[in-house]
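A structural walkthrough
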Amino acid sequence: MIQIIEEYTSLINQYSFNVHSKLVNQAIASINKHSRESISLKDIADELYVSSAHLSRKFKAETNMTITEYIHKIRIDSAIELLKLKRYSLLEISEMVGYINYSHFNKWFKTFTNMSPKQFQLTL
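What counts and how
Residues numbered from 1 in each chain as written. Predicted model: local features only at pLDDT ≥ 70, side-chain atom pairs only at ≥ 80, totals over all residues. Heavy atoms only, no water. Helix = DSSP H or I, 4+ residues; strand = E, 2+ residues; numbered from the N terminus. Buried < 20%, exposed > 50% of the residue type's maximum accessible area, 1.4 Å probe, protein only. pLDDT = per-residue confidence, 0-100. Salt bridge = Lys/Arg side-chain N within 4 Å of Asp/Glu carboxyl O.

1. Thoughts on unusual backbone geometry
Positive phi, close to 60°, is recorded for Asn64, a residue that is not glycine. Summarising the element assignment, Asn64 is placed in the loop between helix 4 (52-63) and helix 5 (67-85). Even without a glycine there, the phi angle at Asn114 is positive, about 65°. Secondary-structure assignment places Asn114 in the loop between helix 7 (102-113) and helix 8 (117-123). Accessibility expressed as a relative area gives 71% for Asn114, which makes it exposed.

2. Brief notes about the confidence of the model for the chain
Detailed reading of the predicted model is not advised wherever pLDDT is low. Scored by pLDDT, the chain has a mean of 90; 88% of the residues are at 70 or more. Element-level pLDDT for the chain is lowest in helix 1 (residues 2-16), with a mean of 64, against a maximum mean of 97 in helix 7.

3. Focus: the pattern of salt bridges
By the definition in use, this model includes four salt bridges. For Lys73, the salt bridge identified is with Asp77, shortest N-O distance 2.7 Å. Of this pair, Lys73 and Asp77 both sit in helix 5, separated by four residues, roughly a single helical turn.

Structure follows, in structure tokens:
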């Protein structure tokens, strides 16, 4: 399961590096590396030795998403791949992709897919 998430993250990195500035690419790489952990804008900015405000503006301008939205998008995209495997429960998947609270996972899943994880699972 971790290998699948890492392979998916690698594919995202390959795409991202072709269309963004060096700073945004570094932020994306950091997010992908730590997406299953608790990570914040400040954590990423500190890692890249830039201000949070500068990173936030640059990231939003190039990706049309905030860093928080991007973190959740990566997690939900990973969850979708895991759902397709039909091996894990929704709770297991939510934990595997970095959510401590299932209701938080459910909220973000609906944000990106317009359906609950359960509804999505039924479409597979």
